[in-house]
Amino acid sequence: MLFQDGEPGLKGQELVFNAWRRRLHGRSFIAREDLDFPAIISELAHVSVLACETGGCFRFRLAGTGLRAVFGCEAKGMSAAEIEMCRGSTEWTELAAKSLARLAPVAGRTRLDNGLVHYWLRLPMSSDGVMADQVLCHDRFLPADAIADPDRAAREADKALRLDHIELVAA
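Let us look at the structure shown here. (Residues numbered from 1 in each chain as written. Predicted model: local features only at pLDDT ≥ 70, side-chain atom pairs only at ≥ 80, totals over all residues. Heavy atoms only, no water.)

**Considerations on the overall build of the protein chain**
Using the following cut-off: Secondary structure follows DSSP: runs of H or I at least 4 residues long count as helices, runs of E at least 2 residues long count as strands, and numbering of each begins at the N terminus. Residue exposure (1.4 Å probe, protein chains only): buried if accessible area is under 20% of the type maximum, exposed if over 50%, otherwise partly exposed. Contact definition: two residues touch when any of their heavy atoms are within 4.5 Å. The method behind every accessible area is Shrake-Rupley, applied with a 1.4 Å probe, and residues are considered shielded solely by the protein chains displayed.
Of the regular secondary structure elements, the protein chain holds four helices and six strands. Along the protein chain, from the amino end to the carboxyl end, the secondary structure elements read α-β-β-β-α-α-β-β-β-α. Counting over 171 residues, the protein chain shows a buried share of 44%. Long-range pairs, those at least 24 residues apart, make up 51% of the contacts in the protein chain between residues at least 6 apart in sequence. For the protein chain, the accessible surface area stands at approximately 9,100 Å², while carbon and sulfur atoms represent 53% of it.

Structural data, given as structure tokens:
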């Protein structure tokens with residue numbers, strides 16, 4: 001269980017966490033090549049990989065379409081400081097750094113000023129299999145009333161990302 005305060009967490013986060021944990025092989029972090037994409041395919045829209053660069057800057061190496069929808073831009077290649085929604089937010093840099101420093105998962109939820117609840121998960125990862133220098137992230141931004149049933153709210157939010165759910169009109 002990722003959340004200890006009695007409120008329900010997200011099954012999607014548990015799915016990503018369990019896939020990460022299965023690939024530890026006795027270590028405290030996984031190697032990038034250990035990522036089990038088929039095991040987390042249903043959550044890939046909400047997965048990102050942050051790389052820790054010199055000076056403690058975190059840059060997006062991978063960012064799912066769910067993040068693009070929330071950020072309003074493609075995050076891949078950008079630093080967290082370049083994205084307005086990440087700037088000044090502890091979930092992206094401070095907690096990613098904490099996960100790397102502790103070599104342990106960090107998870108939680110944050111109520112945002114815009115009324116959304118940010119469910120976040122940070123898992124240490126390595127680009128070379130030797131040193132933890134990346135963070136596997138899972139992020140969901142849901143309406144505040146989602147706390148009662150976050151999985152239902154997550155399913156509803158996912159429908160908005162699906163092209164087959166939207167009626168397309170020929171040009």
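**Details of helix H3 (residues 94–102)**
Inclusion rule: What the arc measures is the spread of directions leading from the helix axis to the C-beta atoms.
Regarding H3, the residues found buried are Leu 95, Ala 96, Ser 99 and Leu 100. Angular distribution of buried residues about the axis of H3 spans 145 degrees; they occupy a single face of the element. Counted as exposed and oriented over 90 degrees from the buried face of H3: Ala 101 and Arg 102. Buried residues along H3 sit against strand E2 (47–52), strand E3 (58–63), strand E4 (106–111), strand E5 (116–126) and strand E6 (132–143). Immediately beyond the C-terminal end of H3, within one or two residues, lies Leu 103, with a positive phi of roughly 50 degrees.

**Comments concerning the pairing of E4**
Rule in force here: Only strands joined by at least two bridges in the DSSP assignment are considered to pair.
When E4 meets E5, the two strands line up antiparallel, connected through six bridges. Its bridge partner lying in E5, Arg 111 is registered against Val 117. Count of turn residues in the E4/E5 antiparallel hairpin: four residues, of which Gly 115 carries a positive phi of about 95 degrees.

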